[in-house]
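Report on the structure
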Amino acid sequence: MPGPDKETDLTERLAAFLSDLKRGGSGTGPLRSSAETARETTALLRRITAQARWSSAGDLMEIIRKEGRRMTAAQPSETTVGNMIRRVLKIVREEYARSRGSSEEADQQESLHKMLTSGGLSEENFRQHFAPLRANVIEAINELLTELEGTTDNIAMQALEHIHSNEVIMTIGRSRTVEAFLKNAGRKRKFHVIVAECAPFCQGHEMATNLSKDGIETTVITDAAIFAVMSRVNKVIIGTQTVLANGGLRAVNGTHTLALAAKHHSTPLIVCAPMFKLSPQFPNEEDTFHKFVSPHEVLPFTEGEILSKVNVHCPVFDYVPPELITLFISNIGGHAPSYIYRLMSELYHPEDHEL
Amino acid sequence: MADSGVTDGPEKKEDIERAKNEGKELSKEEKQRLRKEKKQQKKSKEKKDEKEKEKEKKSGGSTATAPQAQPSTQKAPPAVPAPVSNSVPASEPAIPADKPTKSKAELKAERRARQEAERATKQTKKGEPGQQSATGKPKAPPSELQPVVKRLPEHVQVDDPDVLKKLAKKLERQQIPLRSDYGYKVSLFSHLHQYSRKAPPTQQLSIPSTVIHPAIVRLGLQYSQGIVAGSNARSVALLHAFKQVIRDYTTPPNEELSRDLVNKLKPYISFLNQCRPLSASMGNAIKYIKKEISNIPSQCKEEEAKSKLLNNIEWYINEKIILAAKAIAVSSIEKISDGDVILVYGCSSLVNHILCEAFDKQRKFRVIVVDSRPRLEGREALRRLVQKGISCTYVLISAVSYILPEVSKVFLGAHALLANGYVMSRVGTSQIALVAKAFNVPVLVCCETYKFCERVQTDSFVSNELDDPDDLIVTRKGKTQLASWQQVASLGLLNLVYDVTPPDFVDLVITDLGMIPCTSVPVVLRVKNVDQ
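Calculation rules
Residues numbered from 1 in each chain as written. Chains lettered and ligands numbered in written order. Predicted model: local features only at pLDDT ≥ 70, side-chain atom pairs only at ≥ 80, totals over all residues. Heavy atoms only, no water. Helix = DSSP H or I, 4+ residues; strand = E, 2+ residues; numbered from the N terminus. Buried < 20%, exposed > 50% of the residue type's maximum accessible area, 1.4 Å probe, protein only. Contact = heavy atoms within 4.5 Å. Areas by Shrake-Rupley, 256 points an atom, 1.4 Å probe, with all protein chains shown as cover. Buried area = accessible area lost by both parts, 1.4 Å probe. Salt bridge = Lys/Arg side-chain N within 4 Å of Asp/Glu carboxyl O. Polar contact = N/O pair within 3.5 Å; in protein donor to acceptor, adjacent residues only side chain to side chain. Nonpolar A, V, L, I, M, F, W, Y, C, P; charged D, E, K, R; others polar. Pairing = 2+ DSSP bridges. Phe/Tyr/Trp six-rings, centres within 6.5 Å; stacked < 30°, edge-to-face > 60°. Lys NZ or Arg CZ within 6 Å of the ring centre and 35° of its normal. Domains from an automatic or database assignment. Right-handed = clockwise from strand over helix to strand, strands pointing away.

1. Overview of the overall build of chain B
When you go through chain B residue by residue, the secondary structure sums to 16 helices and 11 strands. Residues counted as buried form 51% of the 532 residues belonging to chain B. Of all intrachain contacts in chain B linking residues separated by at least 6 positions in sequence, the fraction that spans at least 24 positions is 77%. Here chain B has roughly 25300 Å² of accessible surface; of this, 53% comes from carbon and sulfur atoms.

2. Quick word on the interface of chain A and chain B
Counting residues at the interface gives 51 residues for chain A, matched by 51 residues for chain B. Across the interface of chain A and chain B, roughly 4400 Å² is buried in total on both sides, 63% from carbon and sulfur atoms. When the buried area of chain A at its contact with chain B is split by residue, A:Ala224, A:Phe227 and A:Arg232 rank highest and sum to 13% of it. Among the salt bridges present, the one from A:Glu197 reaches B:Arg373, with a minimum N-O distance of 2.6 Å. At the junction of chain A with chain B, the criterion picks out 24 residue pairs in polar contact (both at pLDDT 80 or more). Those elements giving two or more residues to the side of chain A that touches chain B turn out to be α10 (203–213), β3 (217–221), α11 (226–229), α12 (255–264) and β8 (310–312) of chain A. For the side of chain A that touches chain B, the residue count by class is 24 nonpolar, 18 polar and 9 charged. Relative to strand β8 (residues 491–493) of chain B, β3(A) runs parallel, the two being bridged by 3 bridges.

3. Notes on the environment of B:Glu334
Residue and element names in this part refer to chain B. Relative to the elements of secondary structure, Glu334 occurs in helix α11 (residues 302–335). You can call Glu334 exposed: its relative accessible area is 59%. Taking the C-alpha atoms as reference, Glu334 lies 9.1 Å from Ala358; in sequence the two are 24 residues apart.

4. Here's the deal with the packing of aromatic side chains
Taken as a whole, this structure holds 7 aromatic pairs over all chains when the rule is applied. Judged by centre distance (5.2 Å) and plane angle (70°), the ring pair of A:Phe292 and B:Tyr402 falls under edge-to-face. With A:Phe292 in the loop between α13 (286–289) and β8 and B:Tyr402 in helix α14 (residues 400–403), this residue pair bridges two chains. Residue B:Tyr402 is classed as buried on the basis of its relative accessible area of 18%. Their ring planes at 20° and their centres at 5.2 Å tell us that B:Phe189 and B:Phe461 sit as a pair that is stacked. Of this pair, B:Phe189 sits in the loop between α6 (161–174) and α7 (214–225) while B:Phe461 sits in the loop between β7 (443–446) and β8, and the two are 272 residues apart along the sequence. Given a relative accessible area of 3%, B:Phe461 falls into the buried group. Its guanidinium or amino end placed over the ring of B:Phe461, A:Arg232 lies 4.3 Å from that ring's centre, counting from NZ or CZ. Here the basic side chain of A:Arg250 rests over the ring of A:Phe289, its NZ or CZ set 5.2 Å away from the ring centre.

5. A few points about the pattern of salt bridges
Scanning the model with the defined rule gives 38 salt bridges over all chains in all. A salt bridge links A:Asp20 to A:Arg23; the shortest N-O distance between them is 3.0 Å. One end of the pair is A:Asp20 and the other is A:Arg23, both in helix α1 (residues 2–25) and 3 residues apart, which spans about a single turn. The partner of B:Lys388 in a salt bridge is B:Asp360, with the nearest N and O atoms 3.3 Å apart. You can see B:Lys388 sitting in helix α13 (residues 378–388) and its partner B:Asp360 sitting in helix α12 (residues 349–360), a full 28 residues away along the chain. It is possible to trace a salt-bridge network through shared partners that takes in B:Arg197, B:Arg375, B:Glu377, B:Arg426, B:Asp467 and B:Asp471.

6. Let's talk about the domain arrangement of chain B
Residues and elements named next belong to chain B. For chain B, the domain assignment lists domain 1 (170–178 + 203–322) and domain 2 (335–461 + 502–531). The straight-line distance from the C-alpha centre of domain 1 to that of domain 2 is 30 Å. In this assembly, 12 residues from domain 1 lie in contact with 10 residues from domain 2. Summed over the three residues of domain 1 that lose the most area to domain 2, namely Asn232, Ala280 and Lys320, the buried surface amounts to 42% of that side. If you look at where domain 1 meets domain 2, you find 0 salt bridges.

7. A word on the pairing of strand β2 (residues 365–371) of chain B
All names here are of chain B. Within β2, 6 of the 7 residues are buried, which leaves it mostly tucked inside the rest of the structure. Note: strand β1 (residues 340–345) against β2, 6 bridges, orientation parallel. Note that in β2 the partner of Leu343 across the bridge is Ile368. Running through α12, the crossover from β1 to the neighbouring parallel element β2 is right-handed. When β2 meets strand β3 (residues 392–396), the two strands line up parallel, connected through 5 bridges. Within the sheet, the bridge partner assigned to Val370 lies in β3 and is Val395. In the classification by handedness, the crossover that spans β2, the intervening α13 and the parallel β3 is right-handed.

Quick look at the structure:
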């Protein structure tokens with residue numbers, strides 16, 4: 001009796017999560033932060049590990065992959081879902097390897113020598129059954145959840161190392177990470193923040209009101225004035241939606257212009273991004289990279305007859321190449337964009353890059 | 001005299017300082033006031049004002065009143081400016097006290113001495129800022145380098161309380177209402193005015209206004225509410241309004257048209273400046289009109305003079321604006337090829353004209369119109385182009401790096417071209433040029449020569465215009481985040497109007513004189529000055 005109930009309960013939760021994802025992406029549903037999505041995904045995966053029927057690590061990975069494919073298909077632009085799934089897959093692989101007793105490093109490195117000598121290396125089909133595997137995996141996922149909960153605070157704690165007094169800092173749109181970062185620095189130092197409002201949704205307004213309520217001197221500017229005021233800015237601190245595998249960003253639209261302006265004035269561009277935003281995707285898929293929403297905020301229906309004769313675009317994201325970025329601040333410290341590929345190899349297994 | 005000479009020493013130094021900063025402005029006002037006193041009895045109001053001012057300067061001016069009885073030409077020329085200009089304010093309150101003792105002859109002698117002194121200082125202090133060419137128009141030959149005779153305009157000195165006081169006095173004298181600033185100003189821009197559109201400048205104006213011509217009042221309101229916007233539109237509207245003023249003008253008896261009309265125009269220009277700071281093109285048009293008026297020979301009959309002026313203004317509009325647009329269109333069409341994707345920003349009347357002409361000449365291209373908040377002028381351009389039948393795409397400026405890979409050329413309009421090659425235009429233009437440069441897309445700026453201006457500027461801070469900050473407030477998803485921005489102490493809204501684009505972002509400037517690089521602007525200015 002409890003078995004099928006648990007299963008239906010699980011499928012219900014999955015279905016609810018999927019529909020949330022679908023709605024949230026179109027901009028009409030409640031806008032959830034990436035951190036919430038990551039936590040929910042990980043909690044769901046923990047539930048799957050606990051309640052689904054599997055006997056070996058291979059089965060578990062198959063189940064997770066299947067659910068993962070459904071989740072990423074529901075909202076392809078929400079990359080944190082895919083990232084968490086890959087993290088959990090990596091956890092399963094590690095726990096399996098630890099249970100088997102073999103060292104992790106040997107499995108990791110795919111050198112040409114190994115490929116030639118061992119032949120089919122990945123005959124590692126994870127078929128062996130280990131009794132404590134379930135408990136170990138759940139414990140590891142719990143650790144991952146604790147890490148997720150502390151990311152924003154970890155990043156905010158590094159704020160005082162990067163902001164001095166009487167600085168002028170520029171940011172764009174609304175990022176909860178950057179907000180926490182600046183508020184933490186604002187408790188000890190006095191500085192000035194310029195927020196670009198990021199039309200057409202103008203998330204920058206909310207960011208500015210939140211910052212000014214904490215007593216930080218804030219100014220709201222339009223997107224058109226970014227280059228005009230950049231000469232007086234000391235640092236640019238932004239958040240992002242995804243960090244791509246080459247160190248580039250997929251951030252809110254307008255960020256590329258901001259990055260170019262900062263480069264022109266040799267102003268450092270600092271990206272505050274927790275590790276769960278790091279995704280093994282590369283930016284060359286042109287058609288899947290961009291996401292568009294309804295352009296009624298750009299050209300409203302009140303404009304009348306010309307609407308039918310005009311193409312209107314409203315892209316949500318921008319690609320920022322890694323050459324324009326100075327520093328990444330994540331919950332495990334600061335890195336240069338050229339180091340991102342190494343971090344990726346520590347977080348995800350190469351075979352999981354394609355779910 | 002010897003005693004006062006000794007004590008004068010340290011006073012002179014601070015007088016020289018004061019003279020440098022305020023003396024010139026004061027002396028011009030003083031001259032006008034003295035002229036009025038010559039004609040009529042002095043008003044008691046000015047007397048009180050001057051007595052207060054004299055009290056402030058009592059410590060510095062008390063010793064200088066001693067030598068004022070003697071004409072100051074006896075002193076050495078370098079020392080002349082200090083006691084002269086100090087004696088000028090000192091003479092003001094001294095006059096009510098000494099009025100019975102001073103005769104008209106002594107006033108005349110003093111004025112002549114002052115003029116000599118200023119001529120001397122002009123020769124000795126060449127190139128010092130703050131100089132006014134008060135002693136007749138300097139007709140320097142073109143081969144001689146002009147001294148820097150520019151006075152810093154008032155509208156970029158809002159943070160200086162003395163300048164504000166002077167402006168208030170000038171406007172009071174001209175009977176024009178002073179417009180007050182609105183809202184919290186961002187500290188970087190505290191030197192600029194920031195007005196609210198909800199408080200029109202004519203609130204305190206009596207109707208009908210006795211000082212300002214109604215056509216000018218209407219024009220000022222149209223400027224301040226944004227009904228007439230855009231460099232060409234504002235200049236043309238200004239010239240038409242001036243034509244109306246000239247038509248309705250009659251020379252008062254005992255006055256010359258050439259001098260009186262210029263004086264009549266001054267309060268109008270101050271009023272228009274209060275409504276909205278003058279643009280570079282308007283400044284050039286006003287300079288042209290003033291020159292034409294003052295070149296009217298004195299024996300010319302009034303009707304003849306007026307019709308001549310009207311014809312001149314017509315000629316200016318026709319040649320500098322309409323024909324120039326045609327010439328620029330002819331050159332630009334060579335640059336547009338079939339299959340082009342052209343990006344334009346905002347609403348520039350010249351660029352729209354070019355695109356319409358190119359479409360009439362059967363060129364096949366499509367246009368991407370980029371727009372920005374809060375003015376959203378691109379929608380107007382979009383309407384005009386769609387009406388013509390050109391296929392258009394519309395995006396906001398934050399999406400420009402998404403759309404730029406499709407673009408083959410960028411056409412931008414300009415508000416003014418500065419003498420160091422920078423392009424002053426609507427805010428956001430420099431951003432578009434920057435991103436276009438990053439994607440290797442050619443940027444072409446179209447600008448008539450009458451918008452070329454002798455100012456130099458390197459950033460968008462020092463000389464700019466701040467628009468109504470309430471324009472940034474917007475409602476999204478039912479919430480208006482910034483509705484109560486005035487209550488929050490540390491929140492400011494910045495609504496810039498102009499920005500400057502560095503010349504390395506611009507590939508070509510198309511003018512009615514031909515296609516020139518950005519760096520050739522000072523050459524064109526020089527050639528124009530020589531012609532005139």
